[in-house]
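Structural overview
Here are the chains, one letter per residue:
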Amino acid sequence: MTNARNLVELRRLDKRFESRKGLFGKVRAMMAVSGVDLDVPRGKVTGVVGESGCGKSTLARLVLRLLRPSGGEIRFDGTELGGLSAGDLRRLRRRMQMVFQDPYSAIDPRFSMADALLEPFTIQGIRLSTAEARGKVEDLLAMVGLGAQMAGSYPHQLSGGQRQRIGIARALALNPDFLVLDEPTASLDVSIQAQIVALLEKLQAELGLTYLFISHDLGLVRYFCDRIVVMYLGRIVEILPEPKASPRHPYTRTLLDSNFAPDPAQRRQIRRLTGEIASAFDLPPGCAFAARCPLADEKCRAERPELATDSAGHASACHHPL
Ligand SMILES: Nc1ncnc2c1ncn2[C@@H]1O[C@H](COP(=O)(O)OP(=O)(O)OP(=O)(O)O)[C@@H](O)[C@H]1O
Ligand code: SF4
Ligand SMILES: [Mg+2]
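A brief structural summary. (Residues numbered from 1 in each chain as written. Chains lettered and ligands numbered in written order. Predicted model: local features only at pLDDT ≥ 70, side-chain atom pairs only at ≥ 80, totals over all residues. Heavy atoms only, no water.)

The first and last C-alpha atoms of helix H6 (residues 160-172) sit 19 Å apart over 13 residues, in line with the 18 Å expected at 1.5 Å per residue. For H6, the buried fraction is high: 11 of the 13 residues fall into the buried class. (Helix = DSSP H or I, 4+ residues; strand = E, 2+ residues; numbered from the N terminus. Expected span 1.5 Å × (residues − 1). Buried < 20%, exposed > 50% of the residue type's maximum accessible area, 1.4 Å probe, protein only.)

A few words now on the site of ligand 1. By nearness alone, every residue bordering ligand 1 is listed as Phe 17, Met 30, Ala 32, Glu 51, Ser 52, Gly 53, Cys 54, Gly 55, Lys 56, Ser 57, Thr 58 and Glu 183. The separation between an oxygen atom of ligand 1 and a polar main-chain atom of Gly 55 is 3.1 Å. Within the side chain of Ser 57, an N or O atom sits 2.9 Å from an oxygen atom of ligand 1. Considering ligand 1 on its own, with 640 Å² of exposed area, one finds that the protein chains cover 61% of that surface. Per-element tally for the shell around ligand 1: the top contributor is helix H1 (residues 56-63), with 3 residues. In the shell around ligand 1, the residues fall into 4 nonpolar, 5 polar and 3 charged. (Near = heavy atom within 4 Å. Polar contact = N/O pair within 3.5 Å; in protein donor to acceptor, adjacent residues only side chain to side chain. Areas by Shrake-Rupley, 256 points an atom, 1.4 Å probe, with all protein chains shown as cover. Nonpolar A, V, L, I, M, F, W, Y, C, P; charged D, E, K, R; others polar.)

Attention shifts here to empty space enclosed by the protein. Here the structure, examined in full by the defined rule, presents 1 cavity of 30 Å³ or more. Lining the largest cavity are 13 residues, and of these Cys 287, Cys 293, Cys 300, Cys 318 and His 319 sit closest to its centre. Looking at the lining of the largest cavity residue by residue, the class counts come to 10 nonpolar, 3 polar and no charged. (1 Å grid on protein atoms, 1.4 Å probe; cavity = no way out; pocket = protein on both sides within 12 Å on 5 of 7 lines; lining within 4 Å. Points joined across faces, edges and corners; volume = space filled by probe spheres on them.)

Okay, structure coming up:
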């Protein structure tokens, strides 16, 4: 049963990828997402943060069932997605949408903005009259701060920020409850990033949306999110129940320190000090962070720490929490 508080619940979610090294090489398997248990509360912004390759986009695609999990459950508003027929899943998808890092890749270059904004209706088999279609396009453009004259533009005529606004408008076309935002500002200039974040905040508040907001930038996530989930090599290593909670996991501490080091040279230094990232194909038996962790001891190298949650909802997976 889904808790009424949570719109989305993930239980023991796994995604295994196999790849072959060379044409006749051995097949190697890795867990891009491993044993992820996560609640996404309604009407809140849940942030997911971690370095490149830790499984953020894989998690995003699993949650929307754009990828099939290798194991575990995804419940959306009480419905387990694995048990749905293709038609039921398509209907439910109206309520959950994705905003991508690069909206250019998500929009057909031959589509005008009006075509791009109306495509979700076509996919869902929703017929609109010409007047309804025009009204929808104008409303959606206004919602994301673009003028009605944009309707006839093509992707190459737009700036990065304008394209991302269209990506957001398209995601909102069918009045979803839930948005998964996969690094929606990572490809934009810093000043434009701030505008897009402000727009996303406004839309979330006005429409009462639930967000799963993915980023490699802990500073941004701490500013924007109600709760923060930290991933390392496919696993959740810490959940901060509120954004300013002090990290207990040494990895989160490292992310925070590198974020706030004012000088880029010093930021590089922190990264260098923290050692080699373990290979996801060949994970050590103990804590995956041990090779980079200043607190690592024998126990850390031998025994994998489980994610343990305290009464305040702060979870961490570490034998020697800070
Ligand atoms: N289709 C696939 N087949 C094989 N391996 C994959 C596939 N998709 C992702 N991976 C691997 O799974 C791991 C997690 O990838 P993912 O894209 O989820 O990471 P990420 O956290 O989103 O990284 P980034 O910050 O670079 O976007 C990586 O090691 C990646 O190479
Ligand atoms: S379990 Fe040990 S190695 Fe892993 S983060 Fe904690 S202290 Fe560091
Ligand atoms: Mg990614």
